[in-house]
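Topology and contacts: notes
Here is what each chain is made of, one letter per residue.
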Amino acid sequence: MSVKIDNIQSEVLSKNWFKLHKYTFDLITEDGTRVQQIREVYDRGNGATILLYNREKGTVLLINQFRMPTYVNGNPTGMLLETCAGLLDDDSPEECIRREAMEETGYQIDKVQKLFEAYMSPGGVTEIIHFFAAEYHPDQKITDDLGVEDEVIDLVELPFTEALAMVADGRIKDGKTIMLLQYASLAALLQRQ
């Protein structure tokens, strides 16, 4: 099925941290049916995330970070175990994820592998996430000073098998992290060669 969009009207509802727009438009289906729809769309820019893994040790690096939306939705501490990630700003996805890995984990990563891209919440958010993976080694750690500005971040190194178990039992609830861990499992990224 294909659709056409007509009579798009946009109203900015908020420009605080990012932009929230209200769109009113006509959706026209293949048979000519015209339906007016109203949608609120949050534009926060695009982002990148990376799974850092150590094949020799069988471990992954995750971060534990405070996330207010999880707190207001029932997470009693607001802390979320996740892969490091960030917004592209004016960088390419690869430049962004190298910067974010340094800021959030303290590791300076050499080679990164682009895996895929995905919309994470297309019903209301414009963001596309670029997914990466890279091996990390202890000699790449160059700082213990994690996060920028007001971020609260702890670095967590886990056995890969434990991280997968944490997905299964609900201790890891972050979508991008679950996707990367499952990708690593399917692609056997942590198998010794």
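For the structure, see preceding data.
Because the structure is a prediction, the values reported are computed rather than measured.

**A look at the side chain of Thr105**
Summarising the element assignment, Thr105 is placed in helix 2 (residues 93-105). Among the polar contacts listed, one links the side chain of Thr105 to the backbone nitrogen of Tyr107, at a separation of 3.2 Å.

**Concerning the packing of helix 3 (residues 160-168) against helix 4 (residues 175-186)**
Two numbers describe a pair of packed helices, the interaxial angle and the distance between the axes. Direction vectors running N to C along helix 3 and helix 4 enclose 130°, while the axes themselves pass 10 Å from each other. Classed by the angle they form, the pair helix 3 and helix 4 counts as oblique. Handedness of the crossing formed by helix 3 with helix 4: left-handed. Mapping the contact onto sequence places Phe160, Ala163, Leu164 and Val167 in helix 3 and Ile178, Leu181, Gln182, Ala184 and Ser185 in helix 4.

**Examining the pattern of salt bridges**
The final tally for this structure, using the stated rule, is 15 salt bridges. One salt bridge in this structure joins Lys114 and Glu117, with 3.0 Å as the shortest N-O distance. Given the relative accessible area of 38%, Lys114 is considered partly exposed. The exposure class of Glu117 is partly exposed, given its relative accessible area of 46%.

**Digging into the pairing of strand 7 (residues 84-87)**
For a regular strand, side-chain orientation follows a simple rule: the groups alternate between the two sheet faces. Of the two faces of strand 7, the one lined by Cys84 and Gly86 and the one lined by Ala85 and Leu87 are each fully buried. Examined bridge by bridge, strand 4 (residues 47-54) and strand 7 share four bridges and lie antiparallel to one another. Directly across from Ala48, in strand 7, lies its bridge partner Gly86.

Thresholds applied
- Residues numbered from 1 in each chain as written.
- Predicted model: local features only at pLDDT ≥ 70, side-chain atom pairs only at ≥ 80, totals over all residues.
- Heavy atoms only, no water.
- Helix = DSSP H or I, 4+ residues; strand = E, 2+ residues; numbered from the N terminus.
- Polar contact = N/O pair within 3.5 Å; in protein donor to acceptor, adjacent residues only side chain to side chain.
- Axes fitted to C-alpha atoms, helices over the stretch in contact; angles between N-to-C directions.
- Parallel < 35°, antiparallel > 145°, perpendicular 65-115°, else oblique.
- Left-handed = near helix turned anticlockwise from the far one by under 90°.
- Contact = heavy atoms within 4.5 Å.
- Salt bridge = Lys/Arg side-chain N within 4 Å of Asp/Glu carboxyl O.
- Buried < 20%, exposed > 50% of the residue type's maximum accessible area, 1.4 Å probe, protein only.
- Pairing = 2+ DSSP bridges.

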